[in-house]
Amino acid sequence: QVQLVESGGGLVQAGGSLRLSCAASGRTLSGYAMGWFRQATGNEREFVAALSWSGGNTYYANSVKGRFTISRDNAKNTVYLQMNNLKPEDTAVYYCAARPPRSGGSYYTQTGYNYWGQGTQVTVSS
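Just so you know, the residues in each chain are numbered from 1, in the order the chain's sequence is written. For a predicted model such as this one, the threshold for reporting local features is a pLDDT of at least 70, and the threshold for listing and counting side-chain atom pairs is 80 or more; totals across whole chains, interfaces and linings nevertheless cover every residue. By convention in this description, side-chain values take in all heavy atoms of the structure and omit both hydrogens and water.

Caption draft 1: Expanded view of the sheet that holds strand E3 (residues 18-25). At least two DSSP bridges between two strands are needed for those strands to be called paired. Put simply, DSSP H or I for four residues or longer makes a helix, DSSP E for two residues or longer makes a strand, and each gets a number counted from the N terminus. If you walk across this open sheet you meet the four strands as E1-E3-E8-E7, and the pairing is antiparallel. Across the chains shown, the open sheet's two edge strands, defined by having one partner strand only, are strand E1 (3-7) and strand E7 (68-73). Strand-to-strand twist in this sheet, taken as the mean axis angle between neighbours without regard to direction, amounts to 15°. Orientation is described by lines fitted to C-alpha atoms, with helices fitted over the stretch in contact, and by angles between N-to-C directions that extend from 0 to 180 degrees.

Caption draft 2: Spatial organisation of the pattern of salt bridges. For salt bridges, the criterion is a side-chain nitrogen of Lys or Arg within 4 Å of an Asp or Glu carboxyl oxygen. Throughout the structure, instances matching the rule amount to three salt bridges. The residue Arg38 makes a salt bridge to Glu46 at a minimum N-O spacing of 2.8 Å. Whether a residue is buried, partly exposed or exposed follows from its accessible area with a 1.4 Å probe, protein chains only, as a fraction of its type maximum: under 20%, in between, or over 50%, in that order. We classify Glu46 as partly exposed; its relative accessible area is 38%. Linking Asp90 and Arg38 is a salt bridge whose minimum nitrogen-to-oxygen distance equals 2.9 Å.

Caption draft 3: Representation of the state of the cysteines in the model. Here, two cysteine sulfur atoms that lie within 2.5 Å of each other are counted as a disulfide. Here the structure, examined in full by the defined rule, presents one disulfide. A disulfide bridge connects Cys22 with Cys96, and the sulfur atoms are separated by 1.9 Å. Torsion about the S-S bond of the Cys22 and Cys96 cystine: about 50°, corresponding to right-handed handedness. Highlighted residues: Cys22 in strand E3 and Cys96 in strand E9 (residues 92-99), separated in sequence by 74 residues. Judged by its relative accessible area of 1%, Cys22 falls in the buried class.

Caption draft 4: Molecular detail of unusual backbone geometry. Phi is positive for Asn77, close to 55°, though the residue is something other than glycine. Its place among the elements puts Asn77 in the loop between E7 and strand E8 (78-83). Its relative accessible area of 17% is what places Asn77 among the buried residues. For Asn85, which is not a glycine, the phi torsion comes out positive at approximately 50°. Structurally, the position occupied by Asn85 is in the loop between E8 and E9. Asn85 gets classed as partly exposed once you look at its relative accessible area, which sits at 39%.

Here is the structure:
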C-alpha cells in the first residue's frame, strides 16, 4: 500500500507564494506519473498540474500556467508544487495523486490516478 501525504498548505496573501510537498511511503512509485488536483468549496475537483515519472514532461491547467511549477525528486519519493503569485481563486484543498504506467484516460482527469493524499488547505486572502 502507498501512502501520499501532502504538506505546505496554509494562509497567504494574494501575490504570495507557497510550496506544497507530497511525500510517498510504503513503496517506490517507479514509473508513476504524479498530479496535483484541487477542490474549492462547493466545486468539483479539478486538475492543476501533472508530471511524468522522468520529470521531462509537465502539464498545467490554463489557470495556473506561468505561476505554478510541478517537480519531483524520485530519490525522495516526493513531488512538489511551487505556487507563485497566488490569487484568491487559488483557494482550495490541494490533493496529490499517483498515476501508474499505461493508465487510461489523460493526465488532466482523475481517471487513472489510483493513489490519493488526504489534501492540504490553501487559502489566499485578498
